[in-house]
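Residue-level structure breakdown
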2 protein chains.
Amino acid sequence: MNHAPHWTADPIDLLRVDDGFRLADVAPDSTPGFEGGKSAGAQALAAGVARLEELQEQLFACSRLGDERRILLVLQAMDTAGKGGIVKHVMGSVDPQGVQLASFKKPTAEELAHDFLWRIRKEAPEAGMIGVFDRSHYEDVLIARVRGLASPEEIERRYGAINDFERELTEGATTVIKVMLHISPDEQRERLRERLDRPDKHWKFNPGDIDERLLWGDYQQAYQLAFDQTATGDAPWFVIPANRKWYARLAVQHLLTDALERMELEWPKADYDVAEQQARLAAS
Amino acid sequence: MNHAPHWTADPIDLLRVDDGFRLADVAPDSTPGFEGGKSAGAQALAAGVARLEELQEQLFACSRLGDERRILLVLQAMDTAGKGGIVKHVMGSVDPQGVQLASFKKPTAEELAHDFLWRIRKEAPEAGMIGVFDRSHYEDVLIARVRGLASPEEIERRYGAINDFERELTEGATTVIKVMLHISPDEQRERLRERLDRPDKHWKFNPGDIDERLLWGDYQQAYQLAFDQTATGDAPWFVIPANRKWYARLAVQHLLTDALERMELEWPKADYDVAEQQARLAAS
């Protein structure tokens, strides 16, 4: 697909998890396909806003006339990797009426009483929408594995259930884009440190963040297993180096824009007689 | 309350529906409290974004530590008056994670099988959120009255039910702000004409929009009755002249900022020992 001229190569190809992918080989401070620095990155992000906005509006418009297509962007990452920043700075640039955001926290008692996909299915995006999952059903094979919250057999079952669920989505006109924002442990320490150093950031910190941090290697392994089991042609994973926040935002903007471009959207044709309505209006 | 220096008087006082309010006396092309034109208005809106963003983040932050407060902004208007523009340009400037948007369309069969407030209650904002209703329970005393979708006795009952419901909300830590965007019939004709003239806007037009337009006077009367019955001290109505889109956006931004300022929000104090966590982090 076409990519904007600020890319030296299509990030889709550079970031997609293909056969033989190894998470350990991805450098969290790299910027695949982009040679500029922070300010060039911010400029490129700003330059892409108008196109993404237009495409999102077309997707929404088409749904009003019966088009079933929609997008689901899944965001996964270690704490502080920048999921919130993606939501604020990439999704925040399009019309809120076209974005369906769902944040998945620790499951409630009611949620735990159901299959792990129960709460997820309820938040699947409607036609015409860009759905964003801030954490997702992948927590059920990530923290669940690392913390032993489910048996090994149940975790194995879940990979298959996830693939079935995502196949349902893609067969039902949902474009599924799965993103892992990849930071280094040192970068995370810096970001947590800032939260502890600034009183206006204290609310963002939780002592449990350090508990999870101490299991870094286990989480990386759980991510690798999840990629091995669930990176499919129709519901691909993208691992985005995220030590540089601006790069991660630019890359996600590109993934969305690319997905929308591939839909070859057009403004829907009126399902009424335009001239007749113009005459009615003039007389009113 | 304080108001930004670009206001010549506090729009809260100028726009609020008080005793003796008459909708017919409000000029849709006026800009109460603001003497500049479109470009000054756009500048003022941009200047207010950072403060609104900060306040919204504080509201959200406080909720993470148990504060129950939240805001509900109700938007009502004739077609094309600019509800969507408020959502896009005012709400779109704050973090999407702090905004809970609900659009109420024509009720479904399931919704009609319940009391009119059933679907509304489900969308009431959570603690820390700014909820926005694009249309609302007021449709059940507006179109329902104009179109005779409910008996006169049922409509009368609904005013009381609305007041009870909104009292519940305000007693439950919700700040309720109700806005009617007020345009003139001529301005609406222009805006509908644009939708018919531009193929990329055809999807926004519905022949039913003209049917409703032909009942303009009935709708104005239904609004007046709704104001008479439901403008309360705790859940006030504001009628915002909206022929000039920029003015309506600036006014809504001010209403939200003012409501948040009145909460006297502060960054929440850490509920953990900061020094202890800093030491743990450094060792990790």
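As the structure is a prediction and not an experimental result, all values here were calculated from the model.

Thresholds applied
- Counting of residues starts from 1 at the beginning of each chain's written sequence and follows it residue by residue.
- Working convention: letters from A go to chains and numbers from 1 go to ligands, in the order in which they are written.
- Owing to the predicted nature of the model, reporting of local features is limited to residues with pLDDT of at least 70; listing and counting of side-chain atom pairs is limited to 80 or more, with chain, interface and lining totals taken over all residues.
- Computation of side-chain values covers all heavy atoms of the structure but excludes hydrogens and water.
- What counts as a helix is a DSSP run of H or I of at least four residues, what counts as a strand is a run of E of at least two, and both are numbered from the N terminus.
- For a compact globule the rule gives 2.2 Å times the number of residues to the power 0.38, and the radius of gyration it is set against comes from C-alpha atoms.
- We call a residue buried when its accessible area falls under 20% of the maximum for its residue type, exposed when it is over 50%, and partly exposed in between, using a 1.4 Å probe and counting protein chains only.
- The criterion used for residue contact is that any of the two residues' heavy atoms lie within 4.5 Å.
- Working definition of accessibility: Shrake-Rupley area with a 1.4 Å probe, residue cover restricted to the visible protein chains.
- What makes a salt bridge here is a side-chain nitrogen of Lys or Arg within 4 Å of a carboxyl oxygen of Asp or Glu, nothing more.
- When the copies are superposed, the least-squares fit takes in the C-alpha atoms of residues with a pLDDT of at least 70 in both.
- Values labelled buried area give the accessible surface lost by two parts on being combined, using a 1.4 Å probe and summing over both.
- UniProt positions are given in the numbering used here, feature names are shortened, and annotations may be inferred rather than shown by experiment.
- To obtain an axis, a line is fitted to C-alpha atoms, over the contacting stretch when the element is a helix, and the angle between two such axes runs from 0 to 180 degrees between their N-to-C directions.
- By definition in this entry, angles of less than 35 degrees are roughly parallel, angles greater than 145 are roughly antiparallel, angles of 65 to 115 are roughly perpendicular, and the rest are oblique.
- What makes a crossing left-handed is the near helix being turned counterclockwise from the far one by less than a right angle; a clockwise turn instead makes it right-handed.
- Under the scheme applied, nonpolar residues are Ala, Val, Leu, Ile, Met, Phe, Trp, Tyr, Cys and Pro; charged residues are Asp, Glu, Lys and Arg; polar residues are all the others, including Gly.
- At least two DSSP bridges between two strands are needed for those strands to be called paired.
- Working definition: a ring pair exists when centres of Phe, Tyr or Trp rings (six-membered ring for Trp) sit within 6.5 Å. Plane angles under 30 degrees give stacked, over 60 give edge-to-face, the rest tilted.
- Geometrically, a charge over a ring is one whose NZ (Lys) or CZ (Arg) sits within 6 Å of the ring centre while staying within 35 degrees of the ring normal.
- We call two N or O atoms a polar contact when they sit within 3.5 Å, provided that within protein one can donate a hydrogen and the other can accept it, with sequence-adjacent residues counted only if both atoms are side-chain atoms.
- Expected span of a helix, by definition, is 1.5 Å for each gap between consecutive residues, and there is one gap fewer than residues.
- Take the seven residues that end at a residue and the seven that start at it, fit an axis to each, and the angle between those axes is the bend at that residue.

A few points about the overall build of chain A
Secondary structure assignment for chain A yields 12 helices and 5 strands. Taking 2.2 N^0.38 as the reference for a compact globule, 284 residues should give roughly 19 Å; the C-alpha atoms of chain A span a radius of gyration of 20 Å, in line with that estimate. When the backbone C-alpha atoms are referred to their principal axes, chain A occupies close to 70 × 45 × 45 Å. Buried residues in chain A amount to 53% of all 284 residues. Considering only intrachain contacts with a sequence separation of at least 6, the fraction spanning at least 24 residues in chain A is 82%. Of the roughly 12,500 Å² that chain A leaves accessible, carbon and sulfur atoms contribute 47%.

Considerations on the pattern of salt bridges
For side chains bearing opposite charge, pairing can occur when the charged atoms are close. Within the structure shown, the criterion is met by 56 salt bridges over all chains. The shortest N-O distance in the salt bridge between Glu139 of chain A and Arg135 of chain A comes to 3.1 Å. Across the pair, Arg135 of chain A and Glu139 of chain A agree in class, each one buried. In this structure, Asp18 of chain B and Arg16 of chain B form a salt bridge, with 3.0 Å as the shortest nitrogen-oxygen distance.

Remarks on unusual backbone geometry
Despite not being glycine, Arg135 of chain B has its phi angle at roughly 65°, a positive value. Here Arg135 of chain B lies in the loop between β3 (130–134) and α6 (143–146).

A short note on the relation of the copies chain A and chain B
When chain A is fitted to chain B, the best match, at an RMSD of 0.0 Å, comes from turning it 180° and sliding it 0.0 Å along the axis. Taken together, the rotation angle and the small translation identify this as a two-fold axis. For chain A, the residue whose C-alpha comes nearest the rotation axis is Gly92 of chain A, separated from it by 3.2 Å.

Brief notes about the interface of chain A and chain B
With 43 residues of chain A in contact, the opposing surface of chain B contributes 43 residues. Summed over both partners, the interface of chain A with chain B comes to about 4,000 Å²; 63% of that surface belongs to carbon and sulfur atoms. Per-residue buried area on chain A facing chain B is highest for Trp203, Tyr272 and Leu281 of chain A; these three make up 19% of the total on that side. Taken together, chain A and chain B are joined by 6 salt bridges.

Description of the UniProt feature "domain: Polyphosphate kinase-2-related" (unreviewed entry) in chain A
The positions UniProt marks with the feature "domain: Polyphosphate kinase-2-related" (unreviewed entry) are residues 44–265 of chain A. Span residues 44–265 of chain A is 51% helix and 14% strand, its end C-alpha atoms 23 Å apart.

Observations regarding the packing of helix α7 (residues 152–171) of chain A against helix α10 (residues 216–230) of chain A
All names here are of chain A. Between α7 and α10, whose axes approach to 10 Å, the crossing angle comes to 50°. If you check the angle between α7 and α10, you find them oblique. For the crossing formed where α7 meets α10, the hand is right-handed. Residues Glu156, Tyr159, Ile162, Asn163 and Glu166 of α7 pack against Leu225, Ala226, Gln229 and Thr230 of α10. Across the contact of α7 with α10, the residue classes tally to 4 nonpolar, 3 polar and 2 charged.

As for the sheet that holds strand β5 (residues 237–241) of chain B
Residues and elements named next belong to chain B. Reading across the sheet, the 5 strands line up as β2-β3-β1-β4-β5 and stay open at both edges, with parallel pairing between neighbours. The strands lining the two open edges of the sheet, one partner per strand, are β2 (99–103) and β5. Strand-to-strand twist across the sheet, computed as the mean angle between neighbouring axes with direction ignored, equals 20°. Of the strand pairs in this sheet, β2 and β3 are connected by 5 bridges, and their pairing is parallel. Across the sheet, residue Leu101 finds its bridge partner in β3, namely Val132.

Details of the packing of aromatic side chains
Per the stated rule, a full pass over the model turns up 22 aromatic pairs over all chains. Here the aromatic rings of Phe227 of chain A and Trp237 of chain A are separated by 5.1 Å at their centres, their planes lie at 70°, and the arrangement is edge-to-face. Here the residue Phe227 of chain A occupies a position in helix α10, and Trp237 of chain A occupies one in strand β5 (residues 237–241), the gap between them amounting to 10 residues. Classification of Trp237 of chain A as buried rests on a relative accessible area of 0%. In textbook terms, an aromatic cluster arises when at least three aromatic residues are bridged by ring pairs, as seen for Phe21, Tyr138, Tyr223, Phe227 and Trp237 of chain A. The ring of Phe116 of chain A carries the charged tip of Arg158 of chain A above its face, separated from the ring centre by 5.0 Å. Lying across the ring of Trp118 of chain B, Lys122 of chain B places its NZ or CZ 3.8 Å from the centre.

What to know about the environment of Ser93 of chain B
Residue and element names in this part refer to chain B. Take Ser93: it is sitting in the loop between α3 (83–89) and β2. Using a relative accessible area of 17% as the deciding quantity, one classes Ser93 as buried. Measuring from C-alpha to C-alpha, the distance between Ser93 and Ala50 comes to 8.7 Å, with 43 residues separating the pair along the chain. When sequence neighbours within four positions are dropped, the list of residues in contact with Ser93 reads Val49, Leu52, Glu53 and Lys88. Separated by 2.8 Å, the side chain of Ser93 and the backbone oxygen of Val90 make a polar contact.

Quick look at the sheet that holds strand β3 (residues 130–134) of chain A
All names here are of chain A. If you trace the 5 strands from one edge of the open sheet to the other, you get β2-β3-β1-β4-β5, paired in parallel fashion. Of all strands in the sheet, those with a lone pairing partner are β2 (99–103) and β5, marking the two edges. Averaged over all pairs of adjacent strands, the angle between strand axes in this sheet comes to 20°, irrespective of strand direction. Pairing analysis gives 8 bridges linking strand β1 (residues 70–77) to strand β4 (residues 174–182), with the strands arranged parallel. Bridge pairing in β4 places Leu75 opposite Val179. Together, β1 and β4 form the strand contacts of α7, whose direction differs from that of β4 by roughly 130°.

A short note on helix α2 (residues 38–64) of chain A
Residue and element names in this part refer to chain A. With 27 residues, α2 extends 39 Å from end C-alpha to end C-alpha; this agrees with the ideal 39 Å at 1.5 Å per step. The principal kink in α2, of about 35°, is found at Val49. One or two residues past the end of α2 sits Gly66, with phi positive at roughly 105°.

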